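A structural walkthrough
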Amino acid sequence: MCRLLAYLGAPTFLSEHVERPPRSLIAQSLTAAEAKTVTQGDGVGIGWYGERSEPGLYREARPAWSDENLRGLCRQIRAGLFFAHVRAATGTDASRANCHPFAEGRHQFMHNGQIGGYGRIRRRVEGLIDDRAYDARLGTSDSEAIFLAALSGGPTEDPAAAYARVLEAILRLQREQGIRAPVRFAACHSDGRTLHAFRWASDDRSPSLYLRRLDDGVVVASEPYDDARGAWEAVPSDRSVTVGADGVVRIEPFGPGLRTAAAAPAPEASSA
């Protein structure tokens, strides 16, 4: 499993959240406290919004703890909305193309989780991506496939509905193939104006996700990065978090129908 961090608020240097805290994302790449795997050494990435509508991206397959370029960029880039991610691969290559965040147009996305049995349904999951979005596919990961599928076939102004639609389709594909391994989904999405985060799993073991409200911004992260534990609010499972440009935070149910879809029995095999 991976570790992620997103920030929306007054412009700040990325290093204030990614590098300087005692349990920063870079520190978590070596010793994560709440991850399935302690070490997140299969890549690192940052995505930030500056003066253009499209996010800037830096992604590298090296571990975050040994990436001097990452530290240099975080000390120089100042942004009011950014993503940061350290990766622990779950079945796909540790390559730059598979590092998060992923971006298409003004949208960017990062994910902590997995599609259980992905190798068996990968072609079908990729079939959820329309031709326009598929042109942006550079890697082989399930995370990038989820992102591009959510951007396909409809408006992207309601990311919660888009991701719920994709997850429901994936659950259906799993059932058709008799796959019982879980789908786990803690993720962040942004269009450059609003920050969206999600926490859900088909097996009631959602990846960890926390929220912290600062005086001048909001942080969403896989785990607290400092000793002020009481300042961090655990996001409940089956919830979405929306942070507007005005700093207002809304926590709402995410994908009410997904729980029913996850529990639905597999279709019976034909006797013909």
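Above this text sits the structure in question.
**Brief notes about the side chain of arginine 87**
Take arginine 87: it is sitting in the loop between β4 (78-86) and β5 (102-104). Nearest to the buried, unbridged arginine 87 among oppositely charged side chains is aspartate 42, at 5.7 Å. Looking at arginine 87, its side chain comes within polar contact range of the main-chain oxygen of asparagine 98, at 3.4 Å.

**Here we look at the packing of aromatic side chains**
Within this structure, the stated rule accounts for 10 aromatic pairs. Measuring from centroid to centroid gives 5.7 Å for tyrosine 163 and phenylalanine 185, while their planes differ by 40°, and the two rings are tilted. Of the two residues, tyrosine 163 sits in helix α7 (residues 159-176) while phenylalanine 185 sits in strand β7 (residues 183-190), which places them 22 residues apart along the sequence. For the pair shown, tyrosine 163 and phenylalanine 185 are each scored as buried. Consider the rings of phenylalanine 185 and phenylalanine 254, whose centres lie 6.2 Å apart with planes at 20°: the pair is stacked. Highlighted residues: phenylalanine 185 in strand β7 and phenylalanine 254 in the loop between β13 (249-253) and α8 (256-263), separated in sequence by 69 residues. For phenylalanine 185, a relative accessible area of 0% puts it in the buried group.

**Some points on the pattern of salt bridges**
Pairs can form between side chains of opposite charge whenever their charged atoms are close. Taken as a whole and assessed by the stated rule, the structure comprises 17 salt bridges. Among the salt bridges present, the one from glutamate 126 reaches arginine 137, with a minimum N-O distance of 2.9 Å. In this pair, glutamate 126 sits in helix α4 (residues 118-126) while arginine 137 sits in the loop between α5 (131-134) and α6 (142-150), placing the two residues 11 residues apart along the sequence. The exposure classification of glutamate 126 matches that of arginine 137, with both residues buried. If you follow the salt bridges from partner to partner, you end up with Arg122, Glu126, Arg137 and Glu144 in one network.

Cut-offs and rules
Residue numbers here run from 1 along each chain, matching the order of that chain's written sequence. In view of the model being predicted, local features appear only for residues whose pLDDT reaches at least 70, and side-chain atom pairs are presented and counted only at 80 or more, with totals across whole chains, interfaces and linings using the full set of residues. Here the side-chain values reflect all heavy atoms present in the structure, with hydrogen atoms and water set aside. A helix here means a DSSP run of H or I that spans at least four residues, while a strand means a run of E at least two residues long, and both kinds are numbered starting from the N terminus. The cut-offs for exposure are 20% and 50% of the maximum accessible area for each residue type, with area from a 1.4 Å probe on protein chains only; residues under the lower value are buried, those over the upper are exposed, and the others partly exposed. When charges are counted, Lys and Arg are positive and Asp and Glu negative, with His and the chain ends excluded. Here a salt bridge means any side-chain nitrogen of Lys or Arg lying within 4 Å of a carboxyl oxygen belonging to Asp or Glu. Polar contact is defined as a pair of N or O atoms within 3.5 Å, subject to the rule that within protein one atom must be able to donate a hydrogen and the other to accept it, and that residues adjacent in sequence are counted only when both atoms are side-chain atoms. Paired rings are identified among Phe, Tyr and Trp, the last through its six-membered ring, by centres lying within 6.5 Å, and are further divided according to the angle between planes into stacked (under 30 degrees), edge-to-face (over 60) and tilted (the rest).

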